[in-house]
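Chain residues, written in single-letter form:
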Amino acid sequence: MIKCVDISKSYKNGKNIYPVLKKLNLEIEKGGMTAILGKSGSGKSTLLNIIGTLDSPTSGECIVDGAHLETLSESEKAKFRNKKLGFVMQDYSLVNHQTAMFNIMLPLYFTSQSYSKMKRRAYNIAELVGIEELIKKKVVDLSGGEKQRVAIARAIAAEPSIILADEPTGALDTKTSEQIIALLRTISEEGKTIVIVTHDLNVANHCDRVISLKDGQVVL
């Protein structure tokens, strides 16, 4: 479960303070797909970064899978991310000069698995997301949809319980977007909790629940 209690986040620029999140409260139960919907500047990506331990709130409390994030040291946050969280980004965040297989295996290097077991796991995940024929290709030679499938494969390789996706279809055409959402749905049906940040109502409508953000607050 994900629980945010009175989360506020402000950024300082010189003497000016810019509030992004304002005493935000929400709960996301385990499993299923939840969309965090909002226009640019609504605070949705900032919220996702806080849930993902990539940023810290100015005030408030965020609890993810029983862990009170504000109590964790940076090294503990890194371990928590590696064990519990998978990330899917709009810009893919892949190592472009390396192969799809290399990218999928990256999270597994932080586990105690042997190289042969990591490679086998990566191939099985590639099969799951439909890119087993692409694993030897370099990322730079892949299409946008193929890159996003590699990113999703990487996100689930280490079997995290939560997948955080920031505009995962933002750079894709309509048909490819639908394929990516269908793939995320398949993954959610295996018991993963998937949180998707999006400005696209069509993407949100494919989710089990929609949380709308406006000016840093949840709106009903």
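Above: the structure in question.
Residues numbered from 1 in each chain as written. Predicted model: local features only at pLDDT ≥ 70, side-chain atom pairs only at ≥ 80, totals over all residues. Heavy atoms only, no water.

Colleague: Please provide a residue-by-residue account of the nonpolar core, values included.
Modeller: Counting 41 residues, the largest nonpolar core has Ile104, Ile131, Ile152, Leu184 and Ile196 as the members making the most contacts within it. At the level of secondary structure, the elements contributing two or more residues to this core comprise strand 3 (32-37), helix 3 (100-105), helix 4 (115-128), helix 5 (144-157), strand 7 (162-166), helix 6 (174-188), strand 8 (193-198) and helix 7 (201-204). By residue number, the principal contributor to this core is helix 5, which donates seven residues. Contact partners of Ile152, with chain neighbours within four places excluded, come to Val88, Val129, Ile180, Leu183, Leu184 and Ile187. (Core = buried A, V, L, I, M, F, W, Y, C linked by side-chain atoms within 4.5 Å. Buried < 20%, exposed > 50% of the residue type's maximum accessible area, 1.4 Å probe, protein only. Helix = DSSP H or I, 4+ residues; strand = E, 2+ residues; numbered from the N terminus. Contact = heavy atoms within 4.5 Å.)

Colleague: Tell me about the sheet that holds strand 5 (residues 67-68), and please be specific about residues and values.
Modeller: With respect to topology, four strands assemble into an open sheet ordered 2-1-4-5, the strand pairing being antiparallel. Looking at strand neighbours, the two that pair on one side only are strand 2 (16-28) and strand 5, the edges of this open sheet. Of the pairings in the sheet, the one linking strand 1 (residues 2-13) to strand 4 (residues 59-64) comprises five bridges and is antiparallel in character. For Val5, the partnering residue across the bridge sits in strand 4 and is Glu61. Contacting strand 1, strand 2 and strand 4, helix 1 (residues 44-51) runs over the sheet at an angle of about 115 degrees to strand 1. (Pairing = 2+ DSSP bridges. Axes fitted to C-alpha atoms, helices over the stretch in contact; angles between N-to-C directions.)

Colleague: Please provide a residue-by-residue account of the pairing of strand 8, values included.
Modeller: Along strand 8, six of the six residues are buried, which leaves the element largely enclosed by surrounding structure. Bridge analysis of strand 3 against strand 8 gives six bridges, and the strand direction is parallel. Residue pairing across strands places Met33 opposite Ile194, the latter belonging to strand 8. Here five bridges tie strand 7 to strand 8, and the two strands are oriented parallel to one another. Bridge pairing links Leu164 to Val195 in strand 8. Following the chain from strand 7 across helix 6 to the adjacent parallel strand 8, one finds a crossover that is right-handed. (Right-handed = clockwise from strand over helix to strand, strands pointing away.)

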